[in-house]
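A look at the structure
Residues per chain, in single letters:
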Amino acid sequence: MDKLNILVVGGGGREHAVIKKLMESPKAGKIYAAPGNGGIALDGAECFPVKATDIDGMVALAEKLQPDLVVVTPDDPLVLGMVDVLESKGFKAFGPHKNAAIIEGSKMFSKNLMKKYGIPTAEFEVFNDYEKAVAYVKEKGAPIVVKADGLALGKGVVVAQTVEEAIEALDSIMLDKKFGASGSNVVIEECLFGREMSVLAFTDGKVVKPMVSAQDHKRVFDDDKGPNTGGMGTYAPSPIYTPDVADYCMKNIFLPTVNAMNSEGRTFKGVLYFGLMKTKKGVKVIEYNARFGDPETQVVLPLLESDLVDIMVACADGNLENIDIKWADKAAVCVVLASGGYPGSYESGFEITGLENAAGTVYHAGTKLVDGKILTAGGRVLGVTNIGKDLADARDKSYKDVEKISFQGAFCRKDIAKNV
Ligand code: AMP
Ligand code: GLY
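Predicted, not measured: the structure shown is a model, and the values here were computed from it.

Surrounding ligand 1, one finds 14 residues, the nearest of these being Glu189, Glu190, Leu192, Glu196 and Glu287. For ligand 1, a nitrogen atom lies 2.9 Å from a polar atom in the backbone of Glu190. Within the contact set of ligand 1, a nitrogen atom lies 2.8 Å away from a backbone nitrogen or oxygen of Leu192. Protein coverage of the free-state accessible area of ligand 1, which is 470 Å², stands at 88%. Of all the elements in the fold, those that place two or more residues in the shell around ligand 1 are β7 (144–148), β8 (157–160), β9 (186–190) and β17 (282–289). Classifying every residue of the shell around ligand 1 by side-chain character gives seven nonpolar, no polar and seven charged.

Here's what the structure looks like:
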C-alpha cells in the first residue's frame, strides 16, 4: 500500500485535531504543516513558516515537498482560492474551490442562495446604502441582526437589542469600514430565538455525510457573559440534534444546499459547516462555513472511527458514496485554556507545564516549540479534550486534565457542556 504524504495548511487547534486523526491512518506517510504550531511539531509533523494565507508561498512549499494531498483548513485561503491554484499546479487538494467557498466568504451570497432554493433561514434584506439600511432598521425595530457581508474574523455579526445598537453597528461596518471591504454590503436580518447546534458534513459535491453534531461556547465568561471569542470550548454530540432533527436537516437543509451549489455551477467539496438554530418554527440556518469549525473539530474528529485519509481523498476525487463513515457512540468535551486578557490583549511566551500529565488529548491552538519547551503563542492556547460515555463523564475528565496544566495567566470557562 502506498502511503500518502500530506501537507496541512493552518496552525490552530483544528489543524492539530486534523493532523492527529490523519496520523492514526495506516495510509498516512509524512505529515507536514504550514505554519503548524508547537503541538503539531511535537507530534512529529514537520512545520514550515509559511502563512496560511500566502498562496504563492504555499504553492512553492508544495512544489518542494510534492505531497500527495494538501488539506486546506482555514477560511481565508479557501476564500482566496488556494485549492484552485494548487489543483492548477497538479496537486490533489481537500477543500472547496474559490467559487464554492463564497458560501462562507459572502453572507449576501449565502442568504440569497437560501432564499432562491427555499432553504430555511432568517428573513433578511441586503443593503449597500447606509441611509436605506438605517431606515430599514427603524422600520423593523429591535432586536435585529446586522452582519457585514464578508469574512470579518467572526466579529462581523451584531445581534442588536436596540435600534441604536443596530445603527451603531451599521456606522462601524458601513461608515468607519471597521472590516474593510467586508462592510461594503450588509445583511440585516430577523433575530431568531432558540438553541444553536453545529453540524459539519463531508461532501464531494454529490453525497453529503454529516459528522456528529456539536456545540461551541463563544462567549469568554461562564453563563455566556462577556465578549465573543473564537470559542472557549465545545462538546459533541448536541442533545437537541435528535434523529428527527437530523432527518429534517438532511432533507431540507444539507442536500438542498449541496444541490443548490451544483445548480449555481459552484460544486462544493470538502467540509460544509451548518450553523443551525432550532426555533419554534423549525430548524433554520444561521450561517455556513466552508471548512471544519474551530473548536468543534476538537470534539468531532476524536469520535471518528473511520480512516480520515480515505475520506479526504474520496471528497477530493468525487467518490464519497463508496465510503462508510463510522462514529463512536460516545461524547467528547473540549475545554479551551486561554491567555489572561483574551479576547483583548494578552502576553505570550510563557512556558506551559504539565501537558504530559493529561489523560485525554491536548490540542495546541496557540503554542510554539522553542528549545524543547512549549510556550504560549496565542489567545486560545490549548484545547483539552476527553471522550466519555456521556457528556458529564467527558466533561469531568477534561476538567481534571485542566487542573494538571499550567502557564502564567491561564484561564478557562468552568461551565463547558454543563447546562445542556
Ligand atoms: P455567525 O458569525 O453568522 O455565526 O453569527 C454569530 C452568532 O450570532 C451566531 O452563532 C448566533 O448566536 C448569532 N446570530 C447570527 N444570526 C442570528 C439571527 N438571525 N438571530 C439570532 N442570532 C443570530
Ligand atoms: N466555531 C465556529 C467556527 O469555526 O466558525
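This part is about the sheet that holds strand β6 (residues 124–127). If you trace the four strands from one edge of the open sheet to the other, you get β6-β9-β7-β8, paired in antiparallel fashion. This sheet does not close on itself; its edge strands, each paired only once, are β6 and β8. With strand direction ignored, the average angle separating the axes of adjacent strands in the sheet is 20 degrees. Examined bridge by bridge, β7 and β9 share five bridges and lie antiparallel to one another. If you follow Ile144 over to β9, its bridge partner there is Glu190. Where helix α8 (residues 130–140) meets the sheet, its contacts fall on β6, β7 and β9, and the angle it forms with β6 comes to roughly 160 degrees.

Moving on to the pattern of salt bridges. Close approach of charged atoms allows side chains of opposite charge to pair. Applying the stated criterion to the full structure yields 18 salt bridges. In this structure, the salt-bridge partner of Lys251 is Asp247, at a minimum N-O distance of 3.1 Å. With Lys251 and Asp247 both in helix α10 (residues 243–263) and four residues apart, this pair spans about one turn of that helix. The class of Lys251 is exposed, set by a relative accessible area of 58%. In this structure, the salt-bridge partner of Lys326 is Asp324, at a minimum N-O distance of 3.0 Å. Here the salt bridges do not stand alone but share partners, grouping Lys111, Lys147 and Glu189 into one network.

Definitions and cut-offs
Per chain, the residues get numbers from 1 upward, laid out in the order the sequence is written. Chains carry letters and ligands carry numbers; both start at the beginning, A for chains and 1 for ligands, and go up in the order they are written. Per-residue local features are limited, in this predicted model, to residues with pLDDT of at least 70; the limit for side-chain atom pairs, both in listing and counting, is 80 or more; totals at the level of whole chains, interfaces and linings are taken over all residues. Note that the side-chain values use all heavy atoms of the structure and ignore hydrogens as well as water. By convention in this text, a residue qualifies as near a molecule or strand provided that one of its non-hydrogen atoms is within 4 Å of it. Contacts described as polar in this section are N or O atom pairs within 3.5 Å, which, within protein, must combine one atom able to donate a hydrogen with one able to accept it, while residues neighboring in sequence count only if both atoms come from side chains. Only the protein chains shown count as cover for residues, and the accessible areas themselves come from Shrake-Rupley with a 1.4 Å probe. Each helix corresponds to a stretch of at least 4 residues labelled H or I by DSSP, and each strand to a stretch of at least 2 residues labelled E; elements are numbered beginning at the N terminus. In this classification, the charged set is Asp, Glu, Lys and Arg, the nonpolar set is Ala, Val, Leu, Ile, Met, Phe, Trp, Tyr, Cys and Pro, and all remaining amino acids, among them Gly, are polar. Paired strands are those between which DSSP finds at least two bridges. For helices, the axis comes from a line fit to the C-alpha atoms of the stretch in contact; other axes are also lines fit to C-alpha atoms, and the angle between any two N-to-C directions lies between 0 and 180 degrees. Any two residues having at least one pair of non-hydrogen atoms within 4.5 Å are treated as being in contact. Definition used for salt bridges: Asp or Glu carboxyl oxygen within 4 Å of a side-chain nitrogen of Lys or Arg. In this scheme, a residue with accessible area under 20% of its type's maximum is buried, one over 50% is exposed, and one in between is partly exposed, where area comes from a 1.4 Å probe on protein chains only.

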